[in-house]
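Survey of secondary and tertiary structure
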Amino acid sequence: MDFSIKAFNTKNAIAQHKSSCIAVGVYEGGKLSTAAKALDLKGSLTAAVKSGDITGKAGTTLLVHRSSGPAKRVLLVGLGAQDAVSDRNFISAIQSVTRVFSQLGANDALLALPLDGIKGRDAHWALRTQVHALRESVFRADSLKSKKDETQSGVRKVTLLVDAADAATKHTLKQAVAVANGMDFAKTLGNLPPNICTPTYLATSAKQMAREVGLGVEVLDRKQLEALKMGSFLSVTNGSVQPPKFIVLKHMGGKAKDAPVVLVGKGITFDTGGISLKPGGGMDEMKYDMCGAASVLGTMQAVGEMELPLNVIGVIPACENMPSGTATRPGDIVTSMSGQTIEILNTDAEGRLILCDALTYVERFKPACVVDIATLTGACITALGHHNTGLFTRHDEAHDALADELLAAGKYANDTAWRMPIEEAYNEQLKSNFADMANIGGPPAGSITAACFLERYTRKYTWAHLDIAGTAWKSGGAKGSTGRPIPMLTTFLIDRAEG
C-alpha cells in the first residue's frame, strides 16, 4: 500500500479533491467533522446522518455514493463523543475504515479523519496508527497456497489528511512506513513453516535484509560457537540435523563512542520440547517459537530504513529443539559460556538455554542496555493472557528507568506490556544439588523463575526481558504472527535517538 500526505486550505479545498473515496468522521449525535462539513454538498451528508443510518458511535460506517463531484464515494465513520474522542475509539474507527477500503472497487482513497482531537494523543500518533492499521489490513499470509485466497483488489493508494505537510509530519510518515515494513518482514518469517524457516533460512534472510537497508551482519556457525564455549546453546541443538546459527546485526547510526542498545531475540525455529516432548495438539504452533528473533530482525530493518541516529545491535541465537538419539536428556548438566553450570531438568525449557549464552556474548559490546525478546513461557500467557507482554527487570534506579521507557513506548505504540517482579525469593526454586542452577523452577511463577534464570547472566549491564509468548501470535481463525513487540521496540529506540 502506498501512502502520501496532503494538507488542505481555502485555495486547495477538500471538496475539490478528486478521489474514488473520501473517509470523514461523524461524532455521536450525528455531528459532522470539519472535513465532513466541507463535503456536505447540498446537505447530502446531513441527510444521510438524519436518516438514522449512522449514529456516530465509534466504528460505525456508512458509504454514500455520489452522482456528481470529484469524490465518487464518501465514507462516514463514527468517532464517538466529539469532546473526548478516545484512542480506543479512534483505533476502532480506523479498523472499520480498513474493512471498507479492502472491499471497495477502487484503487485510491483519501482518509480525512481529524488527528488533533484524540484524548491524550497527538497528531503524529494518529498518523502512525492509521498507517499501521491500513498496512495490517492488506497483509497476506497465502504465499504458499497454490491458489491464492479470493479477494477484491481494494484500495492500494491512500492519501492521509494532515494539518500541515511539513518536515516533521513527513518524518513521522517515513517512520510509520518503516515500522510497518519491519512488522511485515517479521510476520512473514513467523508464518513460514519450519521446514522452510530453518536456522539457515533465518541467517540467509538476515543477510539479505542487512544488504537492503545497510546493516553490518555476521553469522557464527557451530565451530565458532564451540570455540566460544557456548555449551548451553549448543546443548539444545544436539537432537537436530539443522545446524545452529548465531546472527549478529549492527546499525551504527550514532556516534562511534556511544554505547549501543542491544536486542537479543530467541530463535527456536521449531520446538518439539526435545526429549521432554510436547503434546501433539497445537504443536504446529511451535513454528512461532522464533518470533523473538523475527521481532529483532523486523526492528533492525525498521531502524535501518529510518536511518535512526543510534547505535543498535541485534543478536539472534537460532536452532531447532528436536528429540533424537543424540538429543540432550533431562538430568544432563551443561556449562554455559559464562562458566556457570546448568542441570537440565526439562528439555522443553530450552529458550533460556540459548539466551543465556547470547546474553553473555553481548558483554563484549559494553552496551548501554540490553533487551531480550522471547516466546519464553506458557506461564506468561496464564498470567497476562494475550493483551500484555510480560516485562521483567531488576529493581533499582537504572532498571526502573529502563522499564519505564519500555512501558511508555508500549503504551504510545498500542503494544502494551506489564511489569512483573524479579525477587531473590524466586531464585530458591532454581536450586540444584548437582549444578549451579536448574533450568526450571517448577510450575509456580513459571514466567518469573524463567526471568530469574536469565537475570543471572546479565549482571554486567542494564537489562530487561520481554516474554512475548502471549502476544507474538494468534491462534484459531485469526491464526498467525502479530509482529509484536516491534511497535514497542521501535518507539523505544526512536525515543532514545530523538529524546
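The structure contained in this document is the topic of the report that follows. (Residues numbered from 1 in each chain as written. Predicted model: local features only at pLDDT ≥ 70, side-chain atom pairs only at ≥ 80, totals over all residues. Heavy atoms only, no water.)

1. Quick look at the nonpolar core
Leu202, Leu249, Leu263, Leu297, Phe492 and Leu493 are the most contacted members of the largest nonpolar core, which has 59 residues in total. Ranked by residue count, the leading element in this core is helix α9 (residues 291-306), at nine residues. Apart from the residues within four sequence positions on either side, Phe492 is in contact with Val261, Cys369, Val371, Leu402, Glu405, Leu406 and Ala409. Within the second largest apolar cluster, 46 residues are counted, among which are Ile354, Cys380, Phe392 and Cys452. (Core = buried A, V, L, I, M, F, W, Y, C linked by side-chain atoms within 4.5 Å. Buried < 20%, exposed > 50% of the residue type's maximum accessible area, 1.4 Å probe, protein only. Helix = DSSP H or I, 4+ residues; strand = E, 2+ residues; numbered from the N terminus. Contact = heavy atoms within 4.5 Å.)

2. Structural notes on the pairing of strand β2 (residues 22-27)
It is a general feature of regular strands that their side chains alternate between the two faces of the sheet. Of all six residues in β2, six are buried, a share of seventy percent or more. The two faces of β2 match: Ile22, Val24 and Val26 on one face and Ala23, Gly25 and Tyr27 on the other face are all buried. Here β2 pairs with strand β5 (residues 73-80) via six bridges, running parallel. When the bridges of β5 are listed, Val24 appears paired with Leu76. Across two bridges, the pairing between β2 and strand β3 (residues 31-32) is antiparallel. Its bridge partner lying in β3, Tyr27 is registered against Lys31. Between β2 and β3, which pair antiparallel and follow one another directly, the connecting turn spans three residues, one of which, Gly29, has a positive phi of 90 degrees. (Pairing = 2+ DSSP bridges.)

3. Focus: unusual backbone geometry
Omega for the peptide link from Arg484 to Pro485 comes to 10 degrees, which places this bond in the cis form. Along the chain, the position of Pro485 falls in the loop between β21 (480-481) and α15 (486-498). Backbone geometry at Asn414 places phi at a positive 60 degrees, although glycine is not the residue there. Accessibility expressed as a relative area gives 36% for Asn414, which makes it partly exposed. The backbone of Ala445 sits at a positive phi, close to 55 degrees, despite the residue not being glycine. Given a relative accessible area of 28%, Ala445 falls into the partly exposed group.

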